[in-house]
Amino acid sequence: DAKTTQPNSMESNEEEPVHLPCNHSTISGTDYIHWYRQLPSQGPEYVIHGLTSNVNNRMASLAIAEDRKSSTLILHRATLRDAAVYYCILRDKQAGTALIFGKGTTLSVSS
Amino acid sequence: ETGVTQSPTHLIKTRGQQVTLRCSSQSGHNTVSWYQQALGQGPQFIFQYYREEENGRGNFPPRFSGLQFPNYSSELNVNALELDDSALYLCASSSLAKNIQYFGAGTRLSVL
């Protein structure tokens, strides 16, 4: 799987939007961009994924650059519960492959 | 629909012992993956089982082994425990139809 680069940490205030960047300059045409997050003392949980177009779901939005070499996870209004480690992961379109985690971005949210 | 459950939640073993960790996959999921997460690191892939057969393995020695049962639950076995095996062990289930993995809360293993 191709490598991703994320900032080690980011800070946000409650109820403000958060933009979490991810660089993946070696992404291949068949790689999906997945985001997972891991809250303290829990296993990772799926957030969102996309291939080329921007995606929205109840948790977040995913903005994908036109050249697909970078993407941004957007939390529209951060809450204290969003404090977690966020992982950006590339996965081949073939289902069933393992997730290759990096160190992710630790998001802190202040009230 | 029940989620992924792992047992036990915590475990303490001594070096050289053997340990078995268990995972019940989410209803309808036929694929189980195991990960090891050291403190401060992202999870590292150990292996994956699909329909009771190993279907991929990460860079872990043979003393890490597993099983998947007909009901798709799974076990992770670690022999000859080493101090560096102390970690959070995560199980994730998925179906090949959907490329999303659902994780349990993990088993925290401490090797003394």
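Scroll up for the structure.
Reading the values: the criteria
Each chain carries its own residue numbering, running from 1 in the direction its sequence is written. The lettering of chains begins at A and the numbering of ligands begins at 1, in the order of writing. The predicted nature of this model means local features are confined to residues of pLDDT at least 70 and side-chain atom pairs, given and counted, to a pLDDT of 80 or more, with totals for whole chains, interfaces and linings taken over all residues. Side-chain measures here rest on the full set of heavy atoms in the structure, leaving out hydrogens and waters. Elements are defined by DSSP. Helices are runs of H or I of four residues or more, strands are runs of E of two residues or more, and each kind is numbered from the N terminus. Our radius of gyration is a C-alpha quantity, and the globule rule it is checked against amounts to 2.2 Å times the number of residues to the power 0.38. Only protein chains enter the accessibility calculation, which uses a 1.4 Å probe. A residue is then buried if its area is under 20% of the maximum for its type, exposed if over 50%, and partly exposed in between. Note on contacts: a residue pair qualifies if any of its non-hydrogen atoms lie within 4.5 Å across the two residues. Accessible areas in this description were obtained via Shrake-Rupley with a 1.4 Å probe; residue shielding takes into account the shown protein chains only. We count Lys and Arg on the positive side and Asp and Glu on the negative side, and we leave His and both chain ends out. The location of each charge is read from NZ of Lys, CZ of Arg, CG of Asp or CD of Glu. Note: buried area is the sum, over both parts, of the accessible area (probe 1.4 Å) each one loses when the two are combined. When a carboxyl oxygen of Asp or Glu is within 4 Å of a side-chain nitrogen of Lys or Arg, the pair counts as a salt bridge. Polar contacts, as counted here, are pairs of nitrogen or oxygen atoms within 3.5 Å of one another; within protein the pair requires one atom able to donate a hydrogen and one able to accept it, and residues that are adjacent in sequence qualify only if both atoms are side-chain atoms. Amino acid classes used here: Ala, Val, Leu, Ile, Met, Phe, Trp, Tyr, Cys and Pro are nonpolar; Asp, Glu, Lys and Arg are charged; the rest, including Gly, are polar.

Focus: the overall build of chain B
Logical step 1: When you go through chain B residue by residue, the secondary structure sums to 0 helices and 11 strands.
Logical step 2: A compact globule built from 112 residues should have a C-alpha radius of gyration of about 13 Å, and chain B, at 13 Å, falls within 12% of that.
Logical step 3: With respect to the principal axes defined by its C-alpha atoms, chain B has extents near 40 × 25 × 25 Å.
Logical step 4: Counting the 112 residues in chain B, one finds 50% classified as buried.
Logical step 5: Taking contacts inside chain B between residues at least 6 apart in sequence as the whole, the part at least 24 apart equals 53%.
Logical step 6: Surface accessibility of chain B: about 5,400 Å² in total, with carbon and sulfur atoms responsible for 49%.
Logical step 7: Seen as two clouds, the 8 positive and the 8 negative side-chain charges of chain B have centres 4 Å apart.

Thoughts on the interface of chain A and chain B
Logical step 1: Every contact between the two is made by 21 residues of chain A and, on the other side, 17 residues of chain B.
Logical step 2: Roughly 1,500 Å² of surface becomes buried between chain A and chain B when both sides are summed, with 54% attributable to carbon and sulfur atoms.
Logical step 3: Linking chain A with chain B are 0 salt bridges.
Logical step 4: Our count for the chain A to chain B interface comes out at 4 residue pairs in polar contact (both at pLDDT 80 or more).
Logical step 5: Of all the elements in the fold, those that place two or more residues in the side of chain A that touches chain B are β3 (31-38), β4 (45-50) and β8 (84-92) of chain A.
Logical step 6: Counted by class, the side of chain A that touches chain B contains 8 nonpolar, 9 polar and 4 charged residues.

Digging into the side chain of Ser33(B)
Residues and elements named next belong to chain B.
Logical step 1: Looking at the element boundaries, Ser33 is found in strand β4 (residues 31-37).
Logical step 2: Since its relative accessible area comes to 0%, Ser33 is described here as buried.
Logical step 3: Only 3.0 Å separates the side chain of Ser33 from the side chain of Gln48, close enough to count as a polar contact.
Logical step 4: Among all residues touching Ser33, those that are not within four sequence positions of it are Phe45, Phe47, Gln48, Leu90, Cys91, Ala92 and Gln101.

Examining the pattern of salt bridges
Logical step 1: Using the criterion set out here, one finds 7 salt bridges over all chains in the structure.
Logical step 2: Across the pair Arg37(A) and Asp82(A) runs a salt bridge, and its minimum N-O distance is 2.8 Å. Taken together, the residues Arg37(A) in strand β3 and Asp82(A) in the loop between β7 (70-75) and β8 connect sequence positions 45 residues apart.
Logical step 3: A relative accessible area of 5% means that Arg37(A) is categorised as buried.
Logical step 4: Taking the relative accessible area as the measure of exposure, Asp82(A) reaches 11% and is therefore buried.
Logical step 5: Two residues, Arg63(B) and Glu82(B), come together in a salt bridge whose shortest N-O distance is 3.3 Å. With Arg63(B) in the loop between β6 (53-57) and β7 (64-68) and Glu82(B) in the loop between β8 (74-78) and β9 (87-95), this residue pair connects regions lying 19 residues apart in the sequence.

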